[in-house]
Every structure is written in structure tokens, then in C-alpha cells.
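Summary of structural features
Residues per chain are reported as follows:
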Amino acid sequence: MDLSKMRILFLTHAFNSLTQRLYVELRALGHEVSVEFDINDAVALEAVDLHRPDLIIAPFLKRAIPESIWRHHVCLVVHPGIEGDRGPSSLDWAILKGERRWGVTVLQANGEMDAGDIWASVAFEMRDTSKGSLYRNQVTEAAVAAVSLAVERFQTGDYRPQPQNQVDATHPGGWQPLVKQTDRAIDWQADTTAMVLRKIRSGDGVPGVLDELFGRQFYLYDAWPESHLKGRPGESVARCGAAICRATVDGAVWIGHLREREGEHPFKLPATQLLTQELADLPQIEADAASGYREIWYEEVEGVGLLHFPFYNGAMGSDQCEALLSALRDAKRRDTQAILLMGGPDYWSNGMHLNMIEAASSAADESWRNINAMDDLAREIIQTESHLTVAVLQGNAGAGGVFLARAADEVWARRGVILNPHYKDMGNLFGSEYWTYLLPRYSGDERAARIVENRLPMGVDEAQALNLVDRVIDASGADVVHQARQLATSMIRTPAFAERLHYKNARRQADEAVKPLASYREEELEQMKRNFYGFDPSYHVARYNFVYKVAKSRTPLTLANHRWSKAIRRVS
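The structure reproduced in this document is the subject of the present report. Since the structure is predicted, the reported quantities are computational estimates derived from the model, not experimental observations.

1. Quick notes on the packing of helix α11 (residues 363-382) against helix α19 (residues 538-547)
Each pair of packed helices can be summarised by the angle the axes make with each other and by the distance between the axes. One can describe the packing of α11 onto α19 by two numbers: an axis separation of 12 Å at closest approach and a directional angle of 90°. Considered as vectors, α11 and α19 are oriented roughly perpendicular to each other. Every residue of α19 that contacts α11 at A363, A364 and S367 is listed here: Y539, H540 and R543. Considering only residue class, the contact of α11 with α19 consists of 3 nonpolar, 2 polar and 1 charged.

See below:
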């Protein structure tokens, strides 16, 4: 066996953000990585028999690995907790308890949950944010470091993992049970703002915190502190954009998203959309830097405009696209020379808002409205003549969000960002955002076809090689914003900047003369119309399954390359 290039099998509940990042990182090291969704014991055993892995890694599981597998193969489980921590709600408890330092531990599977020997453990500083944001950032970065170290140790063949009974007895870890709704329940008459935030953030994005609003039961998500508004504890005191504000004993919190416990739409939606009638008499405020719920804001520094839009989970509904388009037009009127499209720290954009489409009276009509709003925004970026536009990917991007970013003159991405530049997993959706113009222009015809057909995530190095990304920023957190601002400031101060603006506008005019943007859009939307209104229901089925979290019945062959030969034999 060539230990420099191992056969690695991922057993995972889903191909989530952490699993995708590990998949990209290990493949970049030359390993042959195949993925199997953990559907049942028989499927997992078959995957092991087909792939014959040197090593099995479980990045995200909801049940134990079968003994028939871990007895005969080294299986490394990625646990989002410090050494000695055990249980299914590790990160939830860390947030609830206000831990300031936490970690990720790679354990070898055995007959007891999270009790196996330790192959690697990496610590990180906690942030005051949601579980989902911690998972996508600090947990993922620590997991990459820990798994890389564990794989390296496994390859040497002489490393002996640490038994858990040798963990320092003074360590704060230990067995912790599943967090129940009673553990997260908010006491509005006693809990401080900090405690309310911790409780909601510990369940964001799964399962949320069950609470009552206007006599109805909802799961709460997307919580942020309010600086000025006050009221009777538990009382709804204002609304702002998608969010409602509820008073606490010492202040107030904004709640941006809700999920009905029972009802027509039991999935996450903007709070104000689910409570339209109940909020009719509630004061509506405009958000600013000190108060309110901000989905979009703008700032200026030394001739550079920064347009922030940290939409929840990266989803961009029709109204959000229209609001961002208006904000972009305002930014273009400013006396600046560059506009940085910042997205948010967790996501830049994931394209259309599938939950809002699912909740609409006509999913086809709302899909049509949403994609046209995305196209309007992409066109505005492409046709910007007065400024250099830069998409700064602080967080991941997927589907139409990738091509919306490529509409900018340059794309800068934080190292560690994952891109999913494809639509086809959503029921063979064709896609728009002028990708049929942008991809060939930046990547060439052959690579453009490969990008949209691939259906696999890619890291920033691969994206840069394909010209989906122009610059990689080696930073994290607020440093990404700082570095992007400095880079843009330096760029606009160079003597050649005016010439660059002239060149980009001349090229755009030349492209327009060959084939107008309107033609690309018309052709793309003709395909999208068939997706939305045609006889093939694939898009609507795939969207329903995504929104309602319908479990996968099989692993796509794009991920399970160990099943290729079997699939070929079946077809032939």
C-alpha cells in the first residue's frame, strides 16, 4: 500500500459543510476519497466491501458505526468536543454553559459512544454566535487540523492513540446527554438577554428552541441582541425587516426566523412572514448600526464601499434580491472607486430561497420571480462601469451564488471557503445568473462545461485554477474584511487603475456587440421556465425533499465512486 495515497471511505449522515471541506482537503492531498451515506448497516457494509478502504472516517454521524465494520477497520469519528467529552449534544452544551474554549477530537470507533482512543484533538476559542456559525467556522477549521493530524499519524503506522481513561481527570469533559427542549426553554420572566441568546443559538440550526408567540408554538432561530428597545419581559415590542423584537428582563433580542411546530409550513421562514396578521399593529423600525435587525448595510473607507448582506443560511429571496439591488445602485452613486460585495461571514450566497419558494401559493411563480430578481442583480453587477466590483467570499457559496459572485470584476475568497458551482442536484435545474456568458468568458468553454456537470464541491485552490476565484485571502474572521479593504484601497491608488476601468468597460461593450446580455438571459430563462412549468417535476420534487429534509435513500454516484463499476454492470 502506498501510504502517501490512501483509499479513504467517508461514512456520513449527510454531505454537510464540514464533510465537504474534509473531502476537498483530503483529495487535495492525493487520497482517493469516496462517500457513503449512513442509511443502514447493510449499505455501509456493502460500501466497505466495494471500496476496500485503508481508513474509514465518519465526519458527521447520527448513530454508531456497526461493530461488523469497526472490528475489522480503523474508523475515525470526528467529535465536536474536547478530549474526554462524550455525547450527542457536545456543541449545544458548550454554548449553553458559556464555555470560552472548546475543541474537536478524532476518536477511534469502538463499542461505546465517543469512548474510543484519541487520535488527535484541536482546541479553539468560542465566539458569541450560533451553533451553525461555530460549526461552519471554528469547528470545521479545527476538524481539518485534527483529521489531517490523525491521518498523518495513521500513515506512519507507529502512532499509538491515547486511551480516554488517560485523559487528565481535571479536564472539563465527560458524558453529556442529548439536550432536550426543557434544557433550552426560555424563562422570559427571569432569563437575561445573554441567556436567551445562548439558548436560541445552542439550537440554531437544529432543532431550534420551542417557544410560544401570539398563542402559537414555534421553534426560534437567528437571534441577535438589541441595544435600545425595551419592554415587558417576553413581550413583542417591534419588527424590522424579517425579524421581531422580544423584550427580556434586561433588554431585548431580535428573532429573525421561525419554524411552526404544527402548521402548513413546518420549515424555517422569516418571522414576519409567519406572523403577518399578528404583527400588524407592532411598530416597525429601520435598522442602523445601533439598533434593529440588519440584513444589508453599507460602509465606506478611503474610496472603497463595502456592501454587506449576511442573509440567513445564504438564501436570497425575491425581496432580498430587490433590496440588495437597490443598495448596490445607491453604492454606485457614491464618490468611490471600488465596491466590495461582502456577503456574510458564514455564506456569501447560496442562490434562490427554496424555503420561501416552497411556502408560496405557487412555487413555480415564486421560482420565476426569484430567478428574475437574481438575474436583475447579476446584470447590475456586470454592467457596473463606474467602479471596480469585487465579490469577497468570507463564507461558502453555492449554486447561483457562485455565478452571482463571478458577475463581479474580481472574486476574492477566504482560504477554507467551499464552492458548489452547480445546479443539477436540484432536480436538473438549468440555472441562470448569466452563467452561460460568465463561465466561458472566465474559464473557457471546455472548463465551463466541466464545472457545471461536475456536481462536486471545490476548494479555493481548484476554483482559482478554473478562474472562478481570482485571489485567495489567507485570513479568518474580521481579518478577511480588513485585508480585503486594504487590497482594494491599494488597487485603486495605482496609476493603472483608471486604465483598468477603461479596459473592462471596453471589453464589456465588445462582448455586448457580439451577443447581448439580454440574449443570454432569454436563453437561460427559457430553460428555467421548463424546470418551473414543464412536465418534468424533478425540480419541484428535489426542492420539496431539500426543504422538508427528506433523508436520502441512496448516495449519489458523483460521491460514491466505489459504486461506479456496479452501476456500469447494471446498465450493461
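2. Comments concerning the pairing of strand β13 (residues 297-301)
Looking at chain direction, β13 and strand β14 (residues 304-308) are connected through 5 bridges and run antiparallel. Each bridged residue has a counterpart across the sheet, and for E300 the counterpart in β14 is G305.

3. Observations regarding the packing of helix α1 (residues 17-28) against helix α5 (residues 131-156)
Two elements in contact, α1 and α5, have axes whose closest approach is 10 Å; the angle formed by their N-to-C orientations is 40°. The angle between the axes of α1 and α5 places the two elements in the oblique class. Note on packing geometry: the crossing formed by α1 with α5 is right-handed. Across the interface between the two elements, S17, L18, R21, L22, E25 and L26 of α1 pack against Y135, R136, V139, T140, E141, A143, V144, V147 and V151 of α5. Its residues placed into classes, the contact of α1 with α5 shows 9 nonpolar, 2 polar and 4 charged.

4. Let's talk about the side chain of K199
Along the polypeptide, K199 turns up in helix α7 (residues 193-202). Apart from the residues lying within four places of it in its own chain, the contact partners of K199 are L96, D183, R184, A185, I186, D187, D191 and V209.

5. A short note on the packing of aromatic side chains
Considering all chains together, one arrives at 12 aromatic pairs under this definition. Ring geometry for F430 versus W435: centroids 5.4 Å apart, planes at 45°, classification tilted. Here F430 falls in the partly exposed class, since its relative accessible area comes to 25%. Note on F532 and Y539: the rings are 5.2 Å apart at their centroids and 50° apart in plane angle, and the pair reads as tilted. Of the two residues, F532 and Y539, neither departs from the other in class, the shared state being buried.

6. Some words on helix α14 (residues 445-454)
Restricting attention to buried positions, one finds in α14 the residues A448, I451 and V452. Taken around the axis of α14, the buried residues stretch over an arc of 85°, which confines them to a single face. On its buried side, α14 packs onto α12 (400-406) and α13 (435-443). Directly beyond the C-terminal end of α14, a positive phi value near 60° is found at R455.

7. What to know about the sheet that holds strand β20 (residues 419-420)
Spatially, β16-β18-β20 is the arrangement adopted by the 3 strands of the open sheet, whose pairing is parallel. Looking at strand neighbours, the two that pair on one side only are β16 (347-349) and β20, the edges of this open sheet. Bridge analysis of β16 against strand β18 (residues 396-398) gives 2 bridges, and the strand direction is parallel. Among the inter-strand pairings, Y347 is bridged to a residue of β18, identified as N396.

8. Quick look at the pattern of salt bridges
Pairs may arise between side chains of opposite charge once their charged atoms sit close together. Under the criterion given, the structure shown has 42 salt bridges. Measuring nitrogen to oxygen at the nearest pair gives 2.8 Å for the salt bridge that ties R63 to D41. Pair noted here: R63 is in the loop between β3 (55-58) and α3 (67-70) and D41 is in helix α2 (residues 41-51), with a separation of 22 residues, a long-range link. Among the charged side chains, a network of salt bridges with common partners joins R21, E25, E141 and R414.

9. Regarding the pairing of β14
In summary, the side chains of a regular strand alternate between the two faces of the sheet. Burial analysis of β14 places 5 of its 5 residues in the buried class, the great majority of the element. The alternating pattern of β14 places V304, L306 and H308 on one face and G305 and L307 on the opposite face, and all of these are buried. Taking the residues that link successive antiparallel strands as the turn, the β13-β14 hairpin has 2 residues, and the phi of E302 there is positive, at about 50°. Pairing of β14 with strand β15 (residues 338-343), which is carried by 5 bridges, proceeds in the parallel orientation. Opposite H308, over in β15, you have G343 as the bridge partner. With helix α9 (residues 318-332) bridging β14 and the parallel β15, this β-α-β connection has right-handed handedness.

About the criteria used
- Residues numbered from 1 in each chain as written.
- Predicted model: local features only at pLDDT ≥ 70, side-chain atom pairs only at ≥ 80, totals over all residues.
- Heavy atoms only, no water.
- Axes fitted to C-alpha atoms, helices over the stretch in contact; angles between N-to-C directions.
- Helix = DSSP H or I, 4+ residues; strand = E, 2+ residues; numbered from the N terminus.
- Parallel < 35°, antiparallel > 145°, perpendicular 65-115°, else oblique.
- Contact = heavy atoms within 4.5 Å.
- Nonpolar A, V, L, I, M, F, W, Y, C, P; charged D, E, K, R; others polar.
- Pairing = 2+ DSSP bridges.
- Left-handed = near helix turned anticlockwise from the far one by under 90°.
- Phe/Tyr/Trp six-rings, centres within 6.5 Å; stacked < 30°, edge-to-face > 60°.
- Buried < 20%, exposed > 50% of the residue type's maximum accessible area, 1.4 Å probe, protein only.
- Arc of directions from axis to C-beta.
- Salt bridge = Lys/Arg side-chain N within 4 Å of Asp/Glu carboxyl O.
- Right-handed = clockwise from strand over helix to strand, strands pointing away.

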